[in-house]
Amino acid sequence: MKAQEPPKQPEPAMPAVPAVKEPAQVKETPPAKQADPAKSAESAASYEELLVKGRELRIGGKNAAALRELRKAVAANAKGAEAHGLIGQILIEMDKAAEAAKSLRTATTLNPGDAGSFFFLGTAYQIQGDVEKAKKAYEKYLFLKPTGEFAKDIRNILKDLK
């Protein structure tokens, strides 16, 4: 005699899974660009080379050419305080005090210990007739270099500025 098997229970019905609609196009976000160390080193070398060339041209009295090279240096390294400062000095010599002040403000922001840029910033402001800003820039120079090359002259200028 065969053992009797228990009656089969019907399997519970599985709930229907809703169909997932595929988006027409899935836009993938490209991975963030990482700085290429080779390009960074190349940019730093380029900045230094352009800075040297700009200095040499300025010393040779070729301000327009120096300005072009220094602007290229800033394009290679926007945080290059020295290039911004030299651009400001050249612009003062070219009677472009407002534009000079902009470059010199950038230079002093990037390198707040650069007394020379504060001296030239004061000069740019003085040329523009902005006595209060000129005084502040000159005073910052004196704070940084109380016995510096221009300290005596600046003290005399400050006495005359009203």
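Further up the page is the structure itself.
Bear in mind that the values here come from a model prediction, so they are computed numbers and not experimental data. (Residues numbered from 1 in each chain as written. Predicted model: local features only at pLDDT ≥ 70, side-chain atom pairs only at ≥ 80, totals over all residues. Heavy atoms only, no water.)

**Observations concerning the overall build of the chain**
Item 1. If you tally the helices and strands in the chain, you get seven helices and zero strands.
Item 2. For the chain, the N- to C-terminal ordering of α and β elements is α-α-α-α-α-α-α.
Item 3. Taken across its 162 residues, the chain has 32% of its residues classed as buried.
Item 4. Surface summary for the chain: the accessible area is close to 11,900 Å², and the carbon and sulfur share equals 56%. (Helix = DSSP H or I, 4+ residues; strand = E, 2+ residues; numbered from the N terminus. Buried < 20%, exposed > 50% of the residue type's maximum accessible area, 1.4 Å probe, protein only. Areas by Shrake-Rupley, 256 points an atom, 1.4 Å probe, with all protein chains shown as cover.)

**Concerning the layout of surface pockets**
Item 1. In this structure, the largest pocket occupies an estimated 180 Å³ of space.
Item 2. Forming the boundary of the largest pocket are Arg 55, Arg 58, Ile 59, Ala 81, Glu 82, Gly 85, Leu 86, Gln 89, Asp 114, Gly 116 and Ser 117.
Item 3. Residue contributions to the lining of the largest pocket peak at five residues, all from helix H3 (residues 81-93).
Item 4. In terms of residue class, the lining of the largest pocket is built from three nonpolar, four polar and four charged. (1 Å grid on protein atoms, 1.4 Å probe; cavity = no way out; pocket = protein on both sides within 12 Å on 5 of 7 lines; lining within 4 Å. Points joined across faces, edges and corners; volume = space filled by probe spheres on them. Nonpolar A, V, L, I, M, F, W, Y, C, P; charged D, E, K, R; others polar.)

**A few points about the nonpolar core**
Item 1. Counting residues in hydrophobic clusters, the biggest one holds 34 residues, and the most contacted among them are Leu 70, Ala 83, Tyr 138, Tyr 141 and Ile 154.
Item 2. If you list the elements that add at least two residues to this core, you get helix H1 (37-59), helix H2 (63-76), H3, helix H4 (97-110), helix H5 (115-128), helix H6 (131-144) and helix H7 (151-160).
Item 3. Setting aside residues up to four positions removed in sequence, Tyr 138 forms contacts with Phe 118, Phe 119, Gly 122, Thr 123, Gln 126, Ile 154, Ile 157, Leu 158 and Leu 161. (Core = buried A, V, L, I, M, F, W, Y, C linked by side-chain atoms within 4.5 Å. Contact = heavy atoms within 4.5 Å.)

**What to know about H5**
Item 1. The first and last C-alpha atoms of H5 sit 20 Å apart over 14 residues, in line with the 20 Å expected at 1.5 Å per residue.
Item 2. Buried within H5 we find Ala 115, Ser 117, Phe 118, Phe 119, Leu 121, Gly 122, Thr 123, Ala 124 and Tyr 125.
Item 3. The opening residue of H5 is Asp 114, an N-cap whose side-chain oxygen sits 3.3 Å from the backbone nitrogen of Gly 116.
Item 4. Once H5 finishes, Gly 129 follows within two positions and takes phi at roughly 85 degrees, a positive value. (Expected span 1.5 Å × (residues − 1). Polar contact = N/O pair within 3.5 Å; in protein donor to acceptor, adjacent residues only side chain to side chain.)

**What to know about the packing of aromatic side chains**
Item 1. Enumeration according to the criterion identifies five aromatic pairs in this entry.
Item 2. Each ring, one from Phe 119 and one from Phe 120, has its centre 5.0 Å from the other, and the planes form 75 degrees; the classification is edge-to-face.
Item 3. Consider the rings of Tyr 141 and Phe 150, whose centres lie 6.2 Å apart with planes at 55 degrees: the pair is tilted.
Item 4. On the basis of relative accessibility, which here comes to 3%, the residue Tyr 141 falls in the buried class.
Item 5. Ring pairs connect the aromatic residues Phe 119, Phe 120, Tyr 138, Tyr 141 and Phe 150, which therefore count as one cluster. (Phe/Tyr/Trp six-rings, centres within 6.5 Å; stacked < 30°, edge-to-face > 60°.)

**Points about the packing of H5 against H6**
Item 1. Between H5 and H6, the shortest axis-to-axis distance is 8 Å and the interhelical angle comes to 160 degrees. Judged by the angle between their axes, H5 and H6 are roughly antiparallel. In this structure, the crossing between H5 and H6 has a hand that is left-handed. Counting all contacts with H5, which are made through Ala 115, Gly 116, Phe 118, Phe 119, Leu 121, Gly 122, Thr 123, Tyr 125 and Gln 126, the residues of H6 involved are Lys 133, Ala 134, Ala 137, Tyr 138, Lys 140, Tyr 141 and Leu 144.
Item 2. By residue class, the composition of the contact of H5 with H6 is ten nonpolar, four polar and two charged. (Axes fitted to C-alpha atoms, helices over the stretch in contact; angles between N-to-C directions. Parallel < 35°, antiparallel > 145°, perpendicular 65-115°, else oblique. Left-handed = near helix turned anticlockwise from the far one by under 90°.)

**Let's talk about the packing of H4 against H5**
Item 1. The N-to-C vectors of H4 and H5 enclose an angle of 150 degrees; their axes lie 9 Å apart at closest approach. Classified by the interaxial angle, the pair formed by H4 and H5 is roughly antiparallel. Where H4 crosses over H5, the handedness of that crossing is left-handed. Residues Ala 97, Ala 98, Ala 100, Ala 101, Leu 104, Arg 105, Ala 107 and Thr 108 of H4 pack against Ser 117, Phe 118, Phe 120, Leu 121, Ala 124, Tyr 125, Ile 127 and Gln 128 of H5.
Item 2. In terms of residue class, the contact of H4 with H5 is made up of twelve nonpolar, three polar and one charged.

The values are spatial; any link to function lies outside them.
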